[in-house]
Amino acid sequence: GDFEKAIEMLRKKGAAKAADRAERSTGQGAVFIKREGNKVAMVQLLCETDFVAKGDDFLTVAESLADKLLKGEIGPEDKDVPAVKDAVLRLGENILIGHMSLVEGENVGDYIHSNKKIGVLVSLKGGNMELAKDIAMHVAATNPQVVSPEEISMDLVEREKNIWADQLKAEGKPAEIVEKIMMGKEKKFREENALVKQMFVKDPDKSIEDLLKQAGAEIINFVRFSI
C-alpha cells in the first residue's frame, strides 16, 4: 500500500534494465534538424534497430532534443538527458545521443537526407541561404573532412605517406622520382578531402571555391552527422 515505495521500486527496476541495455550496439538511428532564424540545432540519436529508428516515438524524442538544444535547455555536450532514459524503457532498446551541434551565423544552410541518416549544417559569411543549402547538400554527398587543404592534419598525411611509399616500392619506381610522386599524391589527397577544392555535385564544372568567389562568400564551418 506504499505508493511512493512502489514508484521507487519501479524506477530501480527500470534503471537496471537500462543498464543491461547500455552495452548493446547502436548502429541505427536518425538525425534531426530544427531551426529558428539563423540558429540551427542538429541532433544524432542512436538506437539498435532501423524499425525503432523509423518509429514516431523515437523521432519525437529526437525532435524534442533538437528543440531543447535550440532553446538552450541542454548543451551540445549533454548526454545524460531524462527524455532519452525514458525512451530506453518505453522502446526496449539501447538509445543514446551520438552528437549534437548548435550553429548560428549570417547564413546557415541545413540539409537532411530523406532517410534521416545524414544531416549537415553549413555556416557562411556572405552569400545567401540558397548557396548555404546547396553546399550543405554537397557536403552530405561527398563527406569532406575539412574546409581547406591546409587543415588536413600532418598525422593523417604521414599515415597516407607510409601507404604510398609501400605502394611505390612494390611498383619498383625509381628513387629519384618517388619524392615528386609523393608530393603530387599529398596535394591530391589534401584537395580531395577539402570542401573548397571539391567539384560541386550539382555542377561538376565548378568547384565549391568558384561558387564562393562568385557569391563573395566564405565558409565559416560545417558539421556533418551520419548514421
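Residues numbered from 1 in each chain as written. Predicted model: local features only at pLDDT ≥ 70, side-chain atom pairs only at ≥ 80, totals over all residues. Heavy atoms only, no water.

Enquirer: Help me get a handle on the overall build of the protein, residues and values and all.
Expert: Looking only at helices and strands, one finds eight helices and six strands in the protein. Walking the protein from its N terminus toward its C terminus, one meets helices and strands in the order α-β-β-α-α-α-β-β-β-α-α-α-α-β. A compact globule built from 227 residues should have a C-alpha radius of gyration of about 17 Å, whereas the protein, at 23 Å, is more than 25% larger. If you line up the protein on its principal axes, its C-alpha atoms span 85 × 45 × 25 Å. Buried positions account for 39% of the 227 residues belonging to the protein. A total accessible area of about 13,000 Å² is found for the protein, and carbon and sulfur atoms account for 51% of it. (Helix = DSSP H or I, 4+ residues; strand = E, 2+ residues; numbered from the N terminus. Rg over C-alpha atoms; globule rule 2.2 N^0.38 Å. Buried < 20%, exposed > 50% of the residue type's maximum accessible area, 1.4 Å probe, protein only. Areas by Shrake-Rupley, 256 points an atom, 1.4 Å probe, with all protein chains shown as cover.)

Enquirer: Give me the pairing of strand β1 (residues 28-36): which residues, what numbers.
Expert: As judged from the nine bridges shared by β1 and strand β2 (residues 39-47), these two strands associate in the antiparallel manner. By the bridge assignment for β2, Phe 32 is matched with Val 43. Hairpin connection between β1 and β2: a loop of two residues separates the two successive antiparallel strands, and Gly 37 in this loop has a positive phi of roughly 65°. (Pairing = 2+ DSSP bridges.)

Enquirer: Report on the nonpolar core, specifying residues and quantitative values.
Expert: Core analysis: the biggest nonpolar cluster contains 24 residues, and Leu 45, Phe 58, Leu 65, Val 84, Ile 95 and Ile 97 have the highest contact counts within it. A total of eight residues in this core trace back to one element, the largest contributor, which is helix α3 (residues 56-71). Contact partners of Ile 95, with chain neighbours within four places excluded, come to Leu 45, Leu 46, Cys 47, Phe 58, Val 84, Ala 87 and Val 88. Judged by nonpolar contacts, the second largest core, of 20 residues, contains Val 122, Ala 136, Val 139 and Val 196. (Core = buried A, V, L, I, M, F, W, Y, C linked by side-chain atoms within 4.5 Å. Contact = heavy atoms within 4.5 Å.)

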